[in-house]
Amino acid sequence: MMELGLLVSAPGKVILHGEHAVVHGKAALAVALGLRTFLRLRPGDGERLRVHLPGVSVRREWGLAELSALRGRVTADFDESKSPSVEQLDVLKEFAGIAADASAPDSLAVLAFLYMCLAISAKYGDVPSVDITVWSELPTGAGLGSSAAYAVCLAAALLYACRAISCPLKDGEATARWTEDEMTLINSWAFQGERVIHGNPSGVDNAVGTWGGALRYQSGKITSLKRVPTLRILLTNTKVPRSTKVLVAGVKEKILKFPSIMNPVLDSIDAISQECQSVLEAMPTNPSPEYYPVLEELFDINQHHLNVIGVGHPSLDRLCRVTASHGLHSKLTGAGGGGCGITLLPPDATPLAVEAAKRDLCACGFECWETDIGAPGVTLHSASSLNAEVLHALSES
Ligand SMILES: Nc1ncnc2c1ncn2[C@@H]1O[C@H](COP(=O)(O)OP(=O)(O)OP(=O)(O)O)[C@@H](O)[C@H]1O
Ligand SMILES: C[C@@](O)(CCO)CC(=O)[O-]
Ligand SMILES: [Mg+2]
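Residues numbered from 1 in each chain as written. Chains lettered and ligands numbered in written order. Predicted model: local features only at pLDDT ≥ 70, side-chain atom pairs only at ≥ 80, totals over all residues. Heavy atoms only, no water.

The backbone of Ser 57 sits at a positive phi, close to 50 degrees, despite the residue not being glycine. We classify Ser 57 as exposed; its relative accessible area is 67%. (Buried < 20%, exposed > 50% of the residue type's maximum accessible area, 1.4 Å probe, protein only.)

Okay, here's the thing in structure tokens:
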């Protein structure tokens, strides 16, 4: 049985440019958000593995012996570098009593957990009896990378439980990070979890959840952007539910149907990411207003492109119209189809204009807030470093 518990967190993300295009090999620029998912791992009763996911109303437990028997059936053709197969996921669904075509948040969360648990234990040794609770500050399914933050936390906790990674947190320290090699391992397993939830993820979200900060992501290549200025961004959740998996599949269908029309749009989105990166790198840490018109125009152009590839939504059109009426520029972020939009707040935007925009957005039934960007990636915490709300949510069992 394990002696130590573990408290781990991973950030959500905002994609500035490149969502969807990144699934098709183009670049994306993404930044970690100051909103996080937290996981608590505790020693179990010696015989069972328990999972509590209050955000998706899941409370499940399984005997270690039955998980071990199941592992034999699922991991026979297991290959870490490949997507989980349909056959493997069918076995897990049957075991967990999940319908074959289920796409509800609780079903996907349980499926990702089971897959990661069995695949990690097949590779590194049994996951011992543990109790796991995951709680998040992020809205689920709103474009802020909640699935990736969940998968990153699970990967870190399960790899630690199997002794595949260390616990770098020393007595008396508030927080600690893993080594580069350990983070690479966490990221690769989180990607497998994302594959269960998303179908065909690019890997950008789990990369931000693992490494944090600001980065450029293209075909698995992660480049940390070191000199990103302090951008002020307003986040707005339209609260219109949508599924990243469904939206990503829809874009693929459109590209297959109209390749000569859609591919140039993806190329143009790629060029927008490139242009945005150049502008960000040319900006000083505390930029003057003169840089902002280009960033605003890039937001506008990309938002039109995202509508063309079929991931817009009337709620997002409304968000853009409302902010435009206050001189502010917005685009969707993440998979679109509802969920969240981001609005650039240039230094010369008056507090009055920002407050008026927020008031009008709230009047549409949306929720909006300003948040920090460039937060740290996957992190270990001491209990005393977490605030009371997080500790309370994690200790409810
Ligand atoms: N706190 C959580 N606990 C358990 N499962 C979660 C949690 N947060 C997210 N999930 C899982 O992730 C799924 C949402 O993933 P989805 O990719 O559709 O949205 P997102 O990650 O929030 O947005 P995007 O991918 O556009 O950034 C949920 O249906 C659920 O299965
Ligand atoms: C829509 C998408 O590009 C971003 C979701 O946050 C999907 C992905 O990259 O996996
Ligand atoms: Mg997701």
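Before going further, it helps to examine the domain arrangement of the protein chain. Accessible area lost upon the coming together of the parts is a frequently used measure of interface size. What the domain assignment lists for the protein chain is domain 1 (6-223 + 375-395) and domain 2 (228-370). Here domain 1 and domain 2 have C-alpha centroids that lie 27 Å from each other. Summed over both sides, the interface between domain 1 and domain 2 buries roughly 2600 Å², with carbon and sulfur atoms accounting for 65% of that surface. The interface formed by domain 1 and domain 2 holds 2 salt bridges in total. One salt bridge connects Glu 19 with Lys 331, and the closest N-O pair in it is separated by 2.9 Å. At the junction of domain 1 and domain 2, the tally comes to 13 residue pairs in polar contact (both at pLDDT 80 or more). Counting only elements with at least two residues in the side of domain 1 that touches domain 2, the list comes to strand S1 (6-17), strand S2 (28-43), helix H5 (180-198) and strand S7 (214-218). Top contributing element to the side of domain 1 that touches domain 2 by residue count: S1, with 5 residues. Counted by class, the side of domain 1 that touches domain 2 contains 15 nonpolar, 10 polar and 4 charged residues. (Domains from an automatic or database assignment. Buried area = accessible area lost by both parts, 1.4 Å probe. Salt bridge = Lys/Arg side-chain N within 4 Å of Asp/Glu carboxyl O. Polar contact = N/O pair within 3.5 Å; in protein donor to acceptor, adjacent residues only side chain to side chain. Helix = DSSP H or I, 4+ residues; strand = E, 2+ residues; numbered from the N terminus. Nonpolar A, V, L, I, M, F, W, Y, C, P; charged D, E, K, R; others polar.)

Scanning the entire structure with this criterion turns up 2 cavities of 30 Å³ or more. Each pocket or cavity is described by its volume, and for the largest cavity that value is around 40 Å³. Here the residues of the lining of the largest cavity sort into 7 nonpolar, no polar and no charged. Size it by volume and the second largest cavity reaches roughly 30 Å³. The wall of the second largest cavity is formed by Leu 16, Leu 29, Ala 30, Val 31, Ala 214, Leu 215, Leu 225, Val 228 and Leu 280. Broken down by secondary-structure element, the contributors of at least two residues to the lining of the second largest cavity are S2 and S7. Among the elements that make up the lining of the second largest cavity, the one with the highest residue count is S2 (3 residues). In terms of residue class, the lining of the second largest cavity is built from 9 nonpolar, no polar and no charged. (1 Å grid on protein atoms, 1.4 Å probe; cavity = no way out; pocket = protein on both sides within 12 Å on 5 of 7 lines; lining within 4 Å. Points joined across faces, edges and corners; volume = space filled by probe spheres on them.)

Overall, the coordinates contain 12 salt bridges when judged by the stated rule. As a salt-bridge pair, Asp 131 and Arg 50 come within 3.4 Å of each other at their nearest N and O atoms. Residue Asp 131 is found in strand S5 (residues 130-136), and its partner Arg 50 is found in strand S3 (residues 48-53); the two are separated by 81 residues along the sequence. Taking the shortest distance from any N to any O, the salt bridge between Arg 71 and Asp 126 comes out at 2.6 Å. With a gap of 55 residues between them, Arg 71 in helix H1 (residues 64-74) and Asp 126 in the loop between helix H3 (105-124) and S5 connect regions that are remote in the sequence. Residue classification places Asp 126 among the exposed residues on the basis of a relative accessible area of 53%.

Attention shifts here to the UniProt feature "domain: GHMP kinase N-terminal" (unreviewed entry) in the protein chain. The feature "domain: GHMP kinase N-terminal" (unreviewed entry), as given by UniProt, occupies residues 117-209 in the numbering adopted here. For residues 117-209, the end-to-end C-alpha separation is 19 Å, with 53% helix and 10% strand making up the annotated structure. (UniProt positions renumbered as here; feature names shortened; annotations may be inferred.)

Distances from the magnesium ion (ligand 3) to its protein donors, Ser 147 (OG) and His 198 (NE2), fall at 2.1 to 2.3 Å. A residue pair is termed long-range when its members are at least 10 positions apart, and Ser 147 in helix H4 (residues 146-161) and His 198 in helix H5 qualify at 51 residues. Like Ser 147, the residue His 198 is buried in the burial classification. (Donors = N, O, S within 2.8 Å, 3.2 Å for Na, K, Ca; no water.)

With 5 of 7 residues buried, S5 is to be regarded as a mostly interior element. Here S2 runs beside S5; their pairing, made up of 7 bridges, is antiparallel. Note on S5: the bridge partner recorded for Pro 43 is Val 130. Both S3 and S5 contribute to a ladder of 3 bridges, which runs parallel. Bridge pairing in S5 links His 52 to Thr 133. (Pairing = 2+ DSSP bridges.)

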